[in-house]
Structures are given as C-alpha cells and as structure tokens.
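What follows is the residue order along each chain.
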Amino acid sequence: EIATLTQALAAEKLQRCEQTYQWESNRDYPATITSMDMPRTYRVHTPSGYTADKRYPVIIAFDGLDGTSGRAERESGLSTTPALTVYPDALIGTTGATAWQGAPYSPVGINDVQFIDDMLMQITNNFCVDTKAVYMVGMSNGAGFAFLAACELQGKIAGVAGISGAYYQGCPHA
C-alpha cells in the first residue's frame, strides 16, 4: 500500500507545476527572446481559468505570407481553446513580406526552427506546460513551416496541422 501511495503522489506531483510567475487567465502576454543572436517576438495567450499549478497543452499557430502574430490569433480563433496558444512573428523575407523558413521567399540565413525550439524552452520555463501535448498549426507558408519545424523538432511536437499549405521543403528526417 505504501508503494502504491508513493507512486500516486509522484504521479500527482508530475502533473503540477511550481512556477514563480502568476499569469492571469484569458490574457495575451507579448514576449521577446534572443535566438541565434537576434531578438524574436511572440505572444502567449493563457486560457480562461488558467492556473499556474496545472499543466496545459500548447498550440503554436503560424500565419502565412505577410502575416503577423495578431492576425494569426484573430483569424484562428484558437485563443478560445483550453490551451496555451502561442503566436510567433516571422521575419521579413526576400519579397519584403514576413515569411517562415523553407519558402524560396523566406529570410536568407534565418533558422526559424531554432527560434521555435528556443521559444518552447522559454515558454516551458515560464508557464505550466504539458510537454507531451505541444501542437503546431499553420496557414499557407505557416503550414509548410509547421510541418518542417515538427519534423526537425521530433519528440517535442505531438501533432501538426496545415491549412492550404505551401510545402516547399520536405522532411530531411523522413
């Protein structure tokens, strides 16, 4: 009986987070991180009823060509889900519009996959995250990048979905 109780307590502790930050529920939090010596921005939306002692799934949404984190949030409707929703910002590509890695018009020499990996680490350190439930969704260029990032970040991404995807680059690990 003691062994069973010990296992139950250990399992319960794994489900809780001990964050020092007190985030309000149903709010947007802008964030900046330095990734590969470059400042990168994103926004995290906490779900309604968010508490710092319960693990939440994460949904990362990538907008398409010339998109913004704000447009991704408005048009996706994902901020109403019971998950931490994350909206990263792409950088200006070769056509003068924002674009994600993998497309022929994406910024030259930029590693957006590394940015997402760094961003996930920062989010996991700051919020109560279920690391086995991290998902990506993207629109057009963002869909192509979501699949590329999920491929490159194998073991960290539970699922990926694309809408009208622009798939320019295959998965080198497939």
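Scroll up to find the structure this text is about.
Residues numbered from 1 in each chain as written. Predicted model: local features only at pLDDT ≥ 70, side-chain atom pairs only at ≥ 80, totals over all residues. Heavy atoms only, no water.

Q: Can you tell me about the sheet that holds strand β7 (residues 129-139), naming the residues and giving the values?
A: Paired through backbone hydrogen bonds, the strands of a sheet run either parallel or antiparallel to each other. Across the sheet, six strands lie side by side as β1-β2-β4-β3-β7-β8; this open sheet has mixed pairing. Edge strands, defined here as strands with exactly one partner in the open sheet, are β1 (28-35) and β8 (159-163). Sheet twist, expressed as the average angle between the axes of neighbouring strands with direction ignored, equals 25 degrees. The sheet contact formed by strand β3 (residues 56-62) and β7 spans six bridges and is parallel. When the sheet's bridge partners are listed, Ile-59 is paired in β7 with Tyr-135. Each of β1, β2 (38-45), β3 and β4 (84-88) touches helix α2 (residues 69-76); the most contacted strand, β4, lies at about 140 degrees to it. Its contacts with the sheet put helix α3 (residues 112-126) on β1, β2, β3, β4 and β7, and the angle it makes with β1 is roughly 125 degrees. (Pairing = 2+ DSSP bridges. Helix = DSSP H or I, 4+ residues; strand = E, 2+ residues; numbered from the N terminus. Axes fitted to C-alpha atoms, helices over the stretch in contact; angles between N-to-C directions. Contact = heavy atoms within 4.5 Å.)

Q: Tell me about the nonpolar core, residues and numbers included.
A: If you look at the biggest cluster of nonpolar residues, it comprises 32 residues, and the most contacted ones within it are Tyr-42, Ile-60, Ile-116 and Met-136. Listed by contribution, the elements that provide at least two residues to this core are β1, β2, β3, β4, α3, β7 and α4 (141-152). The biggest single contributor to this core is α3, with six residues. Ignoring sequence-local partners within four residues, the contact set of Tyr-42 consists of Tyr-29, Pro-30, Ala-31, Ile-33, Val-86, Tyr-87, Pro-88, Asp-89, Phe-115, Met-119, Gln-122 and Ile-123. One finds Ile-59, Ala-61, Ala-72 and Leu-78 within the second-largest nonpolar core, a separate group that totals seven residues. (Core = buried A, V, L, I, M, F, W, Y, C linked by side-chain atoms within 4.5 Å. Buried < 20%, exposed > 50% of the residue type's maximum accessible area, 1.4 Å probe, protein only.)

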